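Results of the structural survey
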Amino acid sequence: MSDENGTPDTTAGPTAPAGGPRPEPLRFFGTTWVNHDGGYAARRAGVAAGSLLAAAAACFVLRFAYEGLQIADSGAFVTLLVIVMFAVCSALAFRDTWDGFTKRPDPERQASLRGLLAIGFVGSLLAYFFRSLTEAPGEKLHRQEYERAREEHERRTTRRSGNPSKKRRRS
C-alpha cells in the first residue's frame, strides 16, 4: 500500500505477494523480466541494437584516435602499444561485464579495475549486446535471487494446519 494515498502498490508487478519479496528492477527493463511482459521483447531488441550501435560509434571514435597517432608520426611502437592496450582492456571489460551477468561483482575489485574497464568500454558494450540476444542482461542472476527469496518467504510464512493440542498420542 502506498502511504500517501492508500492505494495498492503495483510497482513490483502482479507476481509479488503481499508482504513478500519484490523483484529487483533491471536497467532498461524494470520488472518486465519477471513475466516477459510490458514490451519485454521490444526492449531487448532495442537494447541489443542500441549497444551494438554504441559499440560501432565507439570504434569509429577510436579510429580517429588512431589516425591522430598516424598524423603525429609517433612511431610504430607507440601505435602498436595503443592498439594492444585497447584490445586487452576491451577483452578484460568484456569478460568482467559478462561475469557480472551471472554473479554479483566484488565492489573492491570493481573499484580497482575502474580505469581499465573505462578504457575497454567497447568490450562492455559488446558483452551487453551478446547477452541481450538471449535474455535481459542480468536476468538469470536476478531470477535466481528472486526465486530463492520467494522460496524462503514461503517457508517462513507457511503455517501448520490443525491444533497441536489435539494431536493423537502414540502408545
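Residues numbered from 1 in each chain as written. Predicted model: local features only at pLDDT ≥ 70, side-chain atom pairs only at ≥ 80, totals over all residues. Heavy atoms only, no water.

**Quick word on the confidence of the model for the protein chain**
Per-residue pLDDT for the protein chain averages 85, and the proportion of residues at 70 or more is 82%. Within the protein chain, helix H4 (residues 121-132) carries the highest mean pLDDT (95), whereas helix H5 (residues 139-157) carries the lowest (90). Considering only residues more than four positions removed or in separate chains, one finds that residues 1-13, a stretch of pLDDT under 50, has 11 contacts. (pLDDT = per-residue confidence, 0-100. Helix = DSSP H or I, 4+ residues; strand = E, 2+ residues; numbered from the N terminus. Contact = heavy atoms within 4.5 Å.)

**Some remarks on unusual backbone geometry**
Phi is positive for phenylalanine 28, which is not a glycine, with a value near 75°. By the element assignment, phenylalanine 28 lies in the segment before helix H1 (40-72). Overall, the relative accessible area of 52% leaves phenylalanine 28 in the exposed class. With a phi angle near 50°, aspartate 73 is a residue other than glycine that sits in the positive phi range. Along the chain, aspartate 73 falls in the loop between H1 and helix H2 (76-100). (Buried < 20%, exposed > 50% of the residue type's maximum accessible area, 1.4 Å probe, protein only.)

**Considering the packing of aromatic side chains**
Considering all chains together, one arrives at 9 aromatic pairs under this definition. Between tryptophan 98 and phenylalanine 101 the ring centres are 6.4 Å apart and the planes differ by 70°, which places this aromatic pair in the edge-to-face class. Members of the aromatic cluster, each reached through a chain of ring pairs, are Phe28, Phe94, Trp98, Phe101, Tyr128, Phe129 and Phe130. Directly above the aromatic system of tryptophan 98 lies the positively charged group of arginine 131, at a separation of 4.6 Å from the ring centroid. (Phe/Tyr/Trp six-rings, centres within 6.5 Å; stacked < 30°, edge-to-face > 60°. Lys NZ or Arg CZ within 6 Å of the ring centre and 35° of its normal.)

**Here's the deal with the side chain of histidine 142**
Secondary-structure assignment places histidine 142 in helix H5. Of note is the side chain of histidine 142, whose polar atom sits 2.8 Å from the backbone oxygen of glycine 138. Setting aside its immediate chain neighbours within four residues, histidine 142 contacts Glu24, Leu26, Trp33 and Arg104. (Polar contact = N/O pair within 3.5 Å; in protein donor to acceptor, adjacent residues only side chain to side chain.)

**With respect to the packing of H2 against helix H3 (residues 107-119)**
For the pair H2 and H3, interaxial distance at closest approach is 8 Å and the crossing angle is 130°. The angle between H2 and H3 falls in the class oblique. Handedness of the H2/H3 crossing: left-handed. Residues Met85, Phe86, Cys89, Leu92, Ala93 and Asp96 of H2 form the contact with H3, whose own contacting residues are Arg109, Gln110, Leu113, Leu116, Leu117 and Ile119. The class makeup of the residues in the contact of H2 with H3 is 9 nonpolar, 1 polar and 2 charged. (Axes fitted to C-alpha atoms, helices over the stretch in contact; angles between N-to-C directions. Parallel < 35°, antiparallel > 145°, perpendicular 65-115°, else oblique. Left-handed = near helix turned anticlockwise from the far one by under 90°. Nonpolar A, V, L, I, M, F, W, Y, C, P; charged D, E, K, R; others polar.)

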